[in-house]
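# Examining the three-dimensional arrangement
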Amino acid sequence: MGRVELLSYAIPAFAVLMLVEWLAYRRDPDRSGNSGSARDTASNIATFTLGRLVKPLMQYLLPFSAVVGAAAITPLHLSPRSWWVWVLGLIVTDLCYYWAHRADHRVRLMWTAHNVHHSSEYFNLSTAIRLSWLHPVPNILRGLAWVPAALLGFPAWMIFLLQGIGLLYQFPIHTQRVRTLPRPIEFLFNTPSHHRVHHGSNKPYIDKNYGGILIIWDRMFGSFAAESEPVRYGLIKNIGTDNPLKVNYHELAALIRDVRGASTWRGRLGYVFGPPGWTEHAAPASEVVEVPATGRTVERAGQLTS
């Protein structure tokens, strides 16, 4: 049983929890804040549903799994009958997720798929299911992050199962109803507070808190930020549409336009493999304030450029 099966079994629970959250906000409108809108929630659900419908096509677009190949050739083999293998596997696969997720934000080709999840200007449980679909090349590259786990001897099916568990863990942390949890939990684990930071597009929060289950990776690798001010959700330059097709492919279309308009091979490759916001004709270093990974280059004049 892998990620697809786990997700399928969890769909009824997702629906019930989203309904409960909606009713809670209806009963306590003063705490609703930037919790969502009917159009945005409908777009999230439609994006998720379309993804489930086209999922079988990925079996034809991605007939080979690098994880399966690595598991087949490695001389190491860990037995799933030992409990410590499961504990170690959860830690290792979560570390793999951290680096995959970090690449999602730092490589624009990867961002063309992952930005779908970040493009909502709201933050609620329905945001958790706002996932991209039919982005085969980013998915192939992303899958390479779990090859080290396979080479260490973890069975491929266990890696996929633990990936699914990691995704299920992240569903309930997409909420504003829970403020903070006890300090030991906040220190070790990804929580609603930490994940609100991750979805923030204001300056203290950009490119922070990539962890899946554990937040200690961000503390170790310098990408952690605590929730210190109100979070502005969405992208630095929001897309302004709830159309699921545009939500899913707007950034890929922008990447293609930038590549076609590039005048050098350096520019073409930079637009594909550089960070989001990279531009072929960058301002001098003294004029650049920051190049955030979630959208655009911030220049001296304060204008945002693609």
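Keep in mind it's a predicted model, so treat the numbers as computed, not measured.

Rules used in this analysis
Residues numbered from 1 in each chain as written. Predicted model: local features only at pLDDT ≥ 70, side-chain atom pairs only at ≥ 80, totals over all residues. Heavy atoms only, no water. Helix = DSSP H or I, 4+ residues; strand = E, 2+ residues; numbered from the N terminus. Buried < 20%, exposed > 50% of the residue type's maximum accessible area, 1.4 Å probe, protein only. Contact = heavy atoms within 4.5 Å. Areas by Shrake-Rupley, 256 points an atom, 1.4 Å probe, with all protein chains shown as cover. Salt bridge = Lys/Arg side-chain N within 4 Å of Asp/Glu carboxyl O. UniProt positions renumbered as here; feature names shortened; annotations may be inferred. Polar contact = N/O pair within 3.5 Å; in protein donor to acceptor, adjacent residues only side chain to side chain. Axes fitted to C-alpha atoms, helices over the stretch in contact; angles between N-to-C directions. Parallel < 35°, antiparallel > 145°, perpendicular 65-115°, else oblique. Left-handed = near helix turned anticlockwise from the far one by under 90°. Nonpolar A, V, L, I, M, F, W, Y, C, P; charged D, E, K, R; others polar.

### Things to note about the overall build of the protein chain
When helices and strands are tallied, the protein chain shows 13 helices and three strands. By residue count, 45% of the 306 residues in the protein chain fall in the buried class. A separation of at least 24 residues holds for 70% of the contacts in the protein chain among residues at least 6 apart in sequence. For the protein chain, the accessible surface area stands at approximately 15,500 Å², while carbon and sulfur atoms represent 65% of it.

### Observations concerning the pattern of salt bridges
Scanning the model with the defined rule gives eight salt bridges in all. The residue Arg-39 makes a salt bridge to Asp-242 at a minimum N-O spacing of 3.3 Å. Of this pair, Arg-39 sits in helix 2 (residues 38–61) while Asp-242 sits in the loop between helix 11 (216–221) and helix 12 (244–261), and the two are 203 residues apart along the sequence. Judged by relative accessible area, Arg-39 falls into the exposed class, the value being 61%. Take Asp-242: its relative accessible area is 26%, and that puts it in the partly exposed class. Glu-227 is the salt-bridge partner of Arg-196, the closest N and O atoms lying 2.9 Å from each other. On the criterion of sequence distance, the pair formed by Arg-196 in helix 10 (residues 192–198) and Glu-227 in the loop between helix 11 and helix 12 is long-range, its members being 31 residues apart. In this structure Glu-227 comes out as partly exposed when scored by relative accessible area, which is 26%. Residues participating in the shared-partner salt-bridge network are Arg-108, Glu-251 and Asp-258.

### Some remarks on the UniProt feature "transmembrane region" (unreviewed entry) in the protein chain
Here the UniProt feature "transmembrane region" (unreviewed entry) sits at residues 6–25, 60–77, 83–100 and 144–169. Taken end to end, residues 83–100 comprises 100% helix and 0% strand; its first and last C-alpha atoms sit 26 Å apart. Helix makes up 73% of residues 144–169 and strand 0%, and the two end C-alpha atoms of the span are 22 Å apart.

### Concerning the side chain of Asn-202
Mapped onto the elements of the fold, Asn-202 is located in the loop between helix 10 and helix 11. Polar contacts involving the side chain of Asn-202 include one to the main-chain carbonyl oxygen of Pro-230, which spans 3.0 Å. Asn-202 has contacts with Glu-229, Pro-230, Val-231 and Arg-232, leaving out every residue within four places of it along the chain.

### Side note on helix 5 (residues 108–118)
With 11 of 11 residues buried, helix 5 is to be regarded as a mostly interior element. Taken together, the buried positions of helix 5 are Arg-108, Leu-109, Met-110, Trp-111, Thr-112, Ala-113, His-114, Asn-115, Val-116, His-117 and His-118.

### Topic: the packing of helix 12 against helix 13 (residues 265–273)
It is at 8 Å that the axes of helix 12 and helix 13 come closest, and there the two elements cross at 165 degrees. Put simply, helix 12 runs roughly antiparallel to helix 13. The way helix 12 lies across helix 13 gives a crossing that is right-handed. Listed contacts from helix 13 to Leu-255, Asp-258 and Val-259 of helix 12 are Arg-268, Tyr-271 and Val-272. In terms of residue class, the contact of helix 12 with helix 13 is built from four nonpolar, no polar and two charged.

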